[in-house]
Amino acid sequence: GERNRYLVIWKNIFDRRFLLQHFVFIPLRLARNLFRGKLVLFFSFFAALGKLNIVLKRRRLEKEKASRTDREIFTIFKNRSNIRKETFNVLYLDEWGGIHGGGQIYLLNLLRKINRNKFIPLFVCPYRGSFTDALERLGIRVKIVKMQRLVNPLNIFSFISSVIKIMVIIKQENIDLIHSNAAIRGTIYSGIAAKIMRIPLIWHVHILNPAGPIDGFINLLVTKIIVVAEAVKKRFKWLKGSEKIII
């Protein structure tokens, strides 16, 4: 049951990112089970904790015997599943719920023309407005996640909560790819969630002005950077020759 699921993970998983993802979701899983009155599932975690000493001893033995890393095993099964996969769930994200410029118009036009037989879109933004109204008229589902400004240290708890919410969406919706249409803030939120959940993220950049060290930090979070023009590409001149950036 639920207790054994915890024990199997604690005994057999060694990859730090996989473990981080697991431990981040434990409080959410416990809260959900308690709220739904599933007390057996709730107390299963504490039953598993009671066997932690035994698990840790066996964990050391398993690590000595392991012939493949967790990532190698994950890649094998991921490649097999991708061979059969005919549709891809894509999370599109923006910092605006209203139409404030060419970036939102571009994304709206893209989603009008996207092949819905192959790509299943889901849109995430901080609030509802003219942009979300237009997307819902296209039949695209919208989810709201707050994205407070990161310059205020008092927003740290809101930031963590929002990143976790994006991770929950990724898991529940079986998201294969994130397409960030956001400038900075939304890409950091979604980028951290994508890194933890180990899915690719495309950052679509429309703005000419560089963000200094923040651009370098975001570069560590994203898989590809798409710029809308040669002029915007100059913002990332330090990536010259890299296949990571495309027009």
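What comes next concerns the included structure. (Residues numbered from 1 in each chain as written. Predicted model: local features only at pLDDT ≥ 70, side-chain atom pairs only at ≥ 80, totals over all residues. Heavy atoms only, no water.)

With respect to the helices and strands, E95 occurs in the loop between β1 (88-93) and α6 (102-113). Separated by 3.2 Å, the side chain of E95 and the backbone nitrogen of I184 make a polar contact. Polar side-chain contacts of E95 include one of 2.7 Å to the backbone nitrogen of R185. (Helix = DSSP H or I, 4+ residues; strand = E, 2+ residues; numbered from the N terminus. Polar contact = N/O pair within 3.5 Å; in protein donor to acceptor, adjacent residues only side chain to side chain.)

Let us now look at a nonpolar patch on the surface. A surface patch of nonpolar side chains, about 460 Å² in accessible area, is lined by L34, L39, F43, F46 and L49. Ranked by residue count, the leading element in the nonpolar patch is helix α3 (residues 39-49), at four residues. Summarising the element assignment, L49 is placed in helix α3. (Patch = residues over 30% accessible without salt bridge, like charges linked within 9 Å, V, L, I, M, F, W, Y side chains within 5 Å. Areas by Shrake-Rupley, 256 points an atom, 1.4 Å probe, with all protein chains shown as cover. Salt bridge = Lys/Arg side-chain N within 4 Å of Asp/Glu carboxyl O.)

With that settled, the discussion passes to the packing of aromatic side chains. A full pass over the atoms with the stated rule returns 12 aromatic pairs. Relative to F45, the ring of Y6 has its centre 5.3 Å away and its plane inclined at 70°; by these criteria the two rings are edge-to-face. Here Y6 is found in helix α1 (residues 2-12), whereas its partner F45 is found in helix α3, with 39 residues between them in sequence. Like F45, Y6 is buried. Aromatic rings pair up to connect Y6, W10, F42, F43, F45 and F46 into one cluster. (Phe/Tyr/Trp six-rings, centres within 6.5 Å; stacked < 30°, edge-to-face > 60°. Buried < 20%, exposed > 50% of the residue type's maximum accessible area, 1.4 Å probe, protein only.)

Glancing now at unusual backbone geometry. Unlike most non-glycine residues, N174 shows phi in positive territory, near 55°. Secondary-structure assignment places N174 in the loop between α8 (156-172) and β4 (177-180). Given a relative accessible area of 47%, N174 falls into the partly exposed group. Residue R198 is not a glycine yet carries a positive backbone phi of 60°. Inspection of the secondary structure puts R198 in the loop between α9 (185-197) and β5 (201-205). Judged by its relative accessible area of 21%, R198 is partly exposed.

The next point concerns the nonpolar core. One broad trend across soluble globular proteins is that nonpolar side chains are buried collectively. Counting residues in each nonpolar core, the largest one holds 34 residues, and the members touching the most others are L91, I170, I178, W203, I225 and F236. Taken together, the elements giving at least two residues each to this core come down to β1, β2 (119-125), α8, α9, β5 and β6 (224-227). Setting aside its immediate chain neighbours within four residues, I170 contacts L91, I175, I178, A193, A194, M197 and I199. Counting 13 residues, the second-largest nonpolar core is a separate cluster that includes Y92, L107, A134 and L135. (Core = buried A, V, L, I, M, F, W, Y, C linked by side-chain atoms within 4.5 Å. Contact = heavy atoms within 4.5 Å.)

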